[in-house]
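Listed here are the chains, written in short residue letters.
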Amino acid sequence: MPADAPAVVRIAMWSGPRNISTAMMRAFENRADTAVVDEPFYGYYLKETGEDHPGREAIIAAMDCNWRRVARSLVSNAPAACRVFYQKHMTHHMLDAVDLRFTQSLTNCFLVRDPARMIASYAKVRPRFSVEDLGLPQQRRIYDYVRSNCDRAPLVLDAAEVLADPRRALTTLCARVGIAFDEAMLAWPRGPRASDGVWAPHWYAAVEKSTGFAPLPTGAVEVPARYAAIHAQAQALYRSLTADARV
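Described below are features of the structure shown in this document.

Here is what the cut-offs are and how they apply
Residues numbered from 1 in each chain as written. Predicted model: local features only at pLDDT ≥ 70, side-chain atom pairs only at ≥ 80, totals over all residues. Heavy atoms only, no water. Buried < 20%, exposed > 50% of the residue type's maximum accessible area, 1.4 Å probe, protein only. Helix = DSSP H or I, 4+ residues; strand = E, 2+ residues; numbered from the N terminus. Pairing = 2+ DSSP bridges. Phe/Tyr/Trp six-rings, centres within 6.5 Å; stacked < 30°, edge-to-face > 60°.

**Considerations on the pairing of strand 3 (residues 84-90)**
Logical step 1: Where burial is concerned, most of strand 3 is hidden: 7 out of the 7 residues are buried.
Logical step 2: Both faces of strand 3 are covered, namely the face carrying Val84, Tyr86, Lys88 and Met90 and the face carrying Phe85, Gln87 and His89.
Logical step 3: Pairing between strand 1 (residues 9-15) and strand 3: 7 bridges, direction parallel. Residue pairing in the sheet places Arg10 in a bridge with Phe85 of strand 3.

**Here we look at the packing of aromatic side chains**
Logical step 1: Taken as a whole and judged by the stated rule, the model has 9 aromatic pairs.
Logical step 2: Summarising the aromatic geometry, the rings of Trp188 and Phe213 are spaced 5.2 Å apart at their centres and angled 85 degrees between planes, so their arrangement reads as edge-to-face. Of the two residues, Trp188 is situated in the loop between helix 8 (166-177) and helix 9 (200-203) and Phe213 in the loop between helix 10 (205-209) and helix 11 (228-244); the sequence distance between them amounts to 25 residues. Neither Trp188 nor Phe213 differs from the other in exposure class; each is buried.
Logical step 3: Among the aromatic residues, those joined into a cluster by ring pairs are Tyr122, Phe129, Trp203 and Tyr227.

Take a look at the structure:
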């Protein structure tokens with residue numbers, strides 16, 4: 001990139017699984033000025049923890065599993081001619097060993113969702129899980145670090161508010177990260193993307209059929225009794241994050 005070119009805006013969106021994180025990635029990738037990266041720490045997380053996720057071996061083989069190299073690439077590299085570098089991150093991938101100082105070079109945002117809906121969706125793919133698998137304790141830890149160590153207070157974006165009014169929520173998000181809202185963010189072509197992680201066949205069936213943000217779900221979600229303790233922990237963390245900042 002020429003020396004007089006504007007700096008790349010590096011957006012780190014920190015989310016738990018079974019949120020609208022992939023749809024949000026689609027919205028940004030549909031911008032002509034934006035490149036995206038999908039869950040860059042996933043290989044590291046699987047290799048270090050031994051967690052048995054769908055497609056585990058293929059994910060580890062396809063990715064750089066050294067968190068230090070991954071972190072360096074996120075703050076120093078960007079695809080050619082890219083004005084915005086959007087990074088979709090899963091908070092549970094950030095193990096305690098990861099030094100979060102690299103986040104000081106990013107524009108950090110946090111995507112949250114009603115834990116009952118997260119649990120209902122996650123349980124369809126992995127019926128046995130903990131609140132850590134939902135990424136909420138890690139999301140709180142990363143938020144606290146960013147709030148204490150970065151120049152700007154991070155935006156906390158609730159999935160329900162995005163689905164209720166995508167234009168308003170995305171306009172607010174773009175203003176907060178210092179870029180112009182683009183109408184292209186509201187709709188995208190159906191199907192997979194070359195930028196999708198190799199885990200897409202296991203997790204992305206719904207988003208591959210989508211052409212925009214889904215309508216806001218209506219009605220309450222009943223959490224099965226076996227997940228009651230997880231739901232209580234997750235709900236407390238979710239409320240703490242939404243109390244700090246909202247769209």
